[in-house]
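Below, each chain spelled out in residue letters.
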Amino acid sequence: MSLQIALDHPTLILKPKLQEVSKNFLNMFGFSYFQYLRCYADGSIGLLTNFTGLIEYFMHVDNSPVVFSSFESQHESLHSYWFLWDEVLPKLPVSLAREQYNLHNGLTLVRRCKDYYDMIAVALPYEQENAGSFYLSKLKAIEQFINEFDKDNKDLIQVMNKNPIALPRAYRDVNYQKMCLVNGRLDVWGRYGKTYITAQELMCLRLFLQGASYKETAQLLNISARTVETYMLRIKQRTGFSTRFEIENMLF
């Protein structure tokens, strides 16, 4: 059975909007592809992208995985990580992207949450020599764009969340059952030893490190500013860290 997506599905009809909001960023660095992919705990996905050719391809083939998280044992204790397509993904999706759609040297950021994980990617329209070094100098800019996308396009993300794409088991990420923080927490090393951060606290912490105020964080997460303040206080008490530098080092 092939993947079924209605022609009026938001992933397809929102493509022009995604092209609009990502155009300046992509042009600035020579990228041609932007993907905001959310994988839910039940194996379904949500997708916002400026190019739908890849997902449309899977509507015409049978029993082919659509999502590849590159999740390994060393990632189990991490809340996020990056990977280069050419280094870790199976040969088929990499060659498909390159040969049929002219997408080269893709880079993906994975962010793990309790009920979903995000796989946000960019790719080039040409082969880049020493892609690792190329991206290393641009990670901060890519991360900043992702952070701004989260803040500025909450309405698009809500539409995506309300319209998940059901994936038959053969199409799902083989690691989808391991990727979410199913126990609701992430183990970390604090000042006094091993401790933890809850999944909700982690979401607040990410936004804090992105420079969001408590009020902005509350609006993005649909909680009160007082709740955000409480979460941040608990993180500091539990870990023994109080400065942005200490907390960022603990996570990364």
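Refer to the structure presented above.
Here we summarise the structure given alongside this text. Keep in mind the model is a prediction, meaning the values are calculated, not measured. Each chain has its residues counted from 1, running along the sequence as written. Thresholds applied to this predicted model are a pLDDT of at least 70 for local features of residues and 80 or more for the giving and counting of side-chain atom pairs; totals over whole chains, interfaces and linings are not thresholded and use all residues. The side-chain values count all of the structure's non-hydrogen atoms but skip hydrogen atoms and water molecules.

Brief notes about the overall build of the protein chain
Okay, so step 1: Along the backbone of the protein chain there are 13 helices and seven strands.
Okay, so step 2: Only C-alpha atoms enter the radius of gyration, while the globule expectation follows 2.2 Å times N to the 0.38, with N the number of residues. Taking 2.2 N^0.38 as the reference for a compact globule, 252 residues should give roughly 18 Å; the C-alpha atoms of the protein chain span a radius of gyration of 18 Å, in line with that estimate.
Okay, so step 3: On the principal axes, the C-alpha backbone points of the protein chain span a range of 50 × 40 × 35 Å.
Okay, so step 4: Buried residues are those whose accessible area, probed at 1.4 Å on protein chains only, stays under 20% of the maximum for their type, while exposed residues exceed 50% and partly exposed ones sit between those limits. Going through the 252 residues of the protein chain one by one, you find that 52% of them count as buried.
Okay, so step 5: The long-range fraction of contacts in the protein chain, counting pairs at least 24 apart against all pairs at least 6 apart in sequence, stands at 68%.
Okay, so step 6: Summed over all atoms, the accessible surface of the protein chain reaches about 12,700 Å², with 50% contributed by carbon and sulfur.
Okay, so step 7: Under the convention used here, Asp and Glu are negative, Lys and Arg are positive, and both His and the chain ends fall outside the count. Where a charge lies is defined by one atom per residue type, namely NZ (Lys), CZ (Arg), CG (Asp) and CD (Glu). Side-chain charges in the protein chain split into 27 positive and 26 negative, and the spacing between the mean points of these groups amounts to 7 Å. Strands here mean DSSP runs of E at least two residues long; helices mean DSSP runs of H or I at least four residues long; both are numbered from the N terminus. Residues are treated as being in contact if the distance between any of their heavy atoms lies within 4.5 Å. Only the protein chains shown count as covering a residue, and every accessible area follows the Shrake-Rupley method with a 1.4 Å probe.

Looking at the side chain of His79
Okay, so step 1: Looking at where His79 falls in the secondary structure, it is placed in the loop between helix H3 (53-57) and strand E3 (80-84).
Okay, so step 2: Reaching out from His79, the side chain makes a polar contact with the side chain of Ser80 at a distance of 3.5 Å.
Okay, so step 3: Setting aside its immediate chain neighbours within four residues, His79 contacts Val110, Arg111, Arg112, Leu186, Leu202, Arg206, Leu251 and Phe252. Residues adjacent in sequence count toward polar contacts only when both atoms are side-chain atoms; beyond that, a polar contact is any pair of N or O atoms within 3.5 Å, and within protein one must be able to donate a hydrogen and the other to accept it.

Looking at helix H11 (residues 214-221)
Okay, so step 1: When we look at burial in H11, the residues that qualify are Thr217, Ala218 and Leu221. The arc that holds the buried residues of H11, viewed along the axis, is 100°, so those residues lie on one side.
Okay, so step 2: Contacts made by the buried residues of H11 are with helix H10 (199-209) and helix H12 (225-239).
Okay, so step 3: Looking one or two residues past H11, Asn222 carries a phi angle of roughly 60°, positive in sign. What the arc covers is the set of directions going from the helix axis to the C-beta atoms.

Some thoughts on the nonpolar core
Okay, so step 1: Buried Ala, Val, Leu, Ile, Met, Phe, Trp, Tyr and Cys residues that are joined via side-chain atoms within 4.5 Å together make up what is termed a nonpolar core. Within the largest apolar cluster, 49 residues are counted, with the highest numbers of intra-cluster contacts made by Phe31, Phe34, Leu48, Tyr135 and Leu205.
Okay, so step 2: With seven residues, H10 is the single largest residue contributor to this core.
Okay, so step 3: Ignoring anything within four residues of it in the chain, the contact list for Phe34 reads Leu18, Ser22, Leu26, Leu48, Thr49, Asn50, Ile120, Ala121, Val122, Phe145 and Phe149.
Okay, so step 4: Counting 35 residues, the second-largest nonpolar core is a separate cluster that includes Tyr33, Ile45, Phe71 and Leu96.

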